[in-house]
Amino acid sequence: MNKTIVIGSDHGGYHLKKACIKALTDWGYTVEDEGPDCLDSCDYPLYAAKVCDKLKADDSKLGVLICGTGLGMSMTANRMGIRAALCTNEFHARMARAHNNAPCLCLGERVTGQGLALSVLKVFLETDFEGDRHQRRIDLIDTVSQ
């Protein structure tokens, strides 16, 4: 398993991104931080695109996108063809990986406390895809969305 996590945020998710980077490093992951590197107001689609491009280039990596609510990052990543899951609890995170094989976790700094967000992140990273009937359903996503 590739232990490289690509992460990005906007200004609204900056503090949670920093906390996630620390936790990921402590857990033994390599982190690729796609920005931003300050709290200046910025546009979340640009940072989502940076992370998504890296995930498209190497499907063994996982991504984390964080904004104020997680909604904008999730919408952008999904529009770019990355199955991104906005998770607000551990069950969401477990199912996003086990049933949906989502390679990207989205979090909202303004709606999910840091302790819960780190727990969600850990579950997301430690859950494997179950395959079988779930893969068939994932394959249908592309079929029905064209």
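See above for the structure.
Reference entry: report on the structure contained in this document. Bear in mind that the values here come from a model prediction, so they are computed numbers and not experimental data.

Among the nonpolar cores identified, the biggest contains 25 residues, and Cys-20, Leu-107, Leu-121, Phe-124 and Leu-125 are the most heavily contacted of them. Mapped onto this core, the elements with two or more residues apiece are strand 1 (4-9), helix 1 (14-26), strand 3 (62-67), helix 4 (90-98), strand 5 (104-108) and helix 5 (114-126). Examining the composition of this core, we find that seven residues originate from one element, helix 5, more than from any other. When residues no more than four places from it in sequence are discounted, the contact partners of Cys-20 are Ile-7, Ile-66, Leu-107, Leu-118 and Leu-121.

A few words now on the packing of aromatic side chains. Two measures describe an aromatic ring pair: the distance that separates the ring centres and the angle between the ring planes. Summed over the entire model, instances satisfying the criterion amount to zero aromatic pairs. Above the plane of the ring of Phe-124 lies Arg-97, whose end atom (NZ or CZ) is 5.5 Å from the centre. In this arrangement the basic side chain of Lys-122 is found over the ring face of Trp-27, its NZ or CZ atom lying 4.4 Å from the centre.

The subject of this paragraph is helix 4. Restricting attention to buried positions, one finds in helix 4 the residues Ala-93, Ala-96, Arg-97 and Ala-98. Turning to helix 4, the residues buried within the fold contact strand 3, strand 4 (84-86), helix 5 and helix 6 (133-144).

Let us now look at the pattern of salt bridges. Going through the model one piece at a time under the given rule, you end up with seven salt bridges. Glu-34 is paired through a salt bridge with Lys-54; the nearest N and O atoms lie 3.0 Å apart. Here Lys-54 lies in helix 2 (residues 44-57) and Glu-34 lies in the loop between strand 2 (30-33) and helix 2, a separation of 20 residues in the sequence. Its relative accessible area of 30% is what places Lys-54 among the partly exposed residues. Members of the salt-bridge network, linked through shared partners, are Glu-32, Glu-34, Lys-54 and Lys-61.

The next thing to look at is the packing of helix 2 against helix 3 (residues 71-79). As a packed pair, helix 2 and helix 3 sit with axes 9 Å apart at the nearest point and diverge in direction by 50°. Regarding the angle of helix 2 to helix 3, the classification is oblique. Between helix 2 and helix 3 lies a crossing whose hand is right-handed. Every residue of helix 3 that contacts helix 2 at Tyr-44, Pro-45, Tyr-47, Ala-48 and Cys-52 is listed here: Gly-72, Met-73, Thr-76 and Ala-77. For the contact of helix 2 with helix 3, the per-class residue count stands at seven nonpolar, two polar and no charged.

A few words now on the side chain of His-134. Along the polypeptide, His-134 turns up in helix 6. For His-134, a relative accessible area of 4% corresponds to the buried category. Ignoring anything within four residues of it in the chain, the contact list for His-134 reads Ala-98, His-99 and Phe-129.

Note: strand 1 against strand 2, four bridges, orientation parallel. The residue bridging Ile-5 from the neighbouring strand is Val-31, located in strand 2. In this fold, the crossover linking strand 1 to strand 2 by way of helix 1 has right-handed handedness.

Rules and cut-offs
- Residues numbered from 1 in each chain as written.
- Predicted model: local features only at pLDDT ≥ 70, side-chain atom pairs only at ≥ 80, totals over all residues.
- Heavy atoms only, no water.
- Core = buried A, V, L, I, M, F, W, Y, C linked by side-chain atoms within 4.5 Å.
- Buried < 20%, exposed > 50% of the residue type's maximum accessible area, 1.4 Å probe, protein only.
- Helix = DSSP H or I, 4+ residues; strand = E, 2+ residues; numbered from the N terminus.
- Contact = heavy atoms within 4.5 Å.
- Phe/Tyr/Trp six-rings, centres within 6.5 Å; stacked < 30°, edge-to-face > 60°.
- Lys NZ or Arg CZ within 6 Å of the ring centre and 35° of its normal.
- Salt bridge = Lys/Arg side-chain N within 4 Å of Asp/Glu carboxyl O.
- Axes fitted to C-alpha atoms, helices over the stretch in contact; angles between N-to-C directions.
- Parallel < 35°, antiparallel > 145°, perpendicular 65-115°, else oblique.
- Left-handed = near helix turned anticlockwise from the far one by under 90°.
- Nonpolar A, V, L, I, M, F, W, Y, C, P; charged D, E, K, R; others polar.
- Pairing = 2+ DSSP bridges.
- Right-handed = clockwise from strand over helix to strand, strands pointing away.

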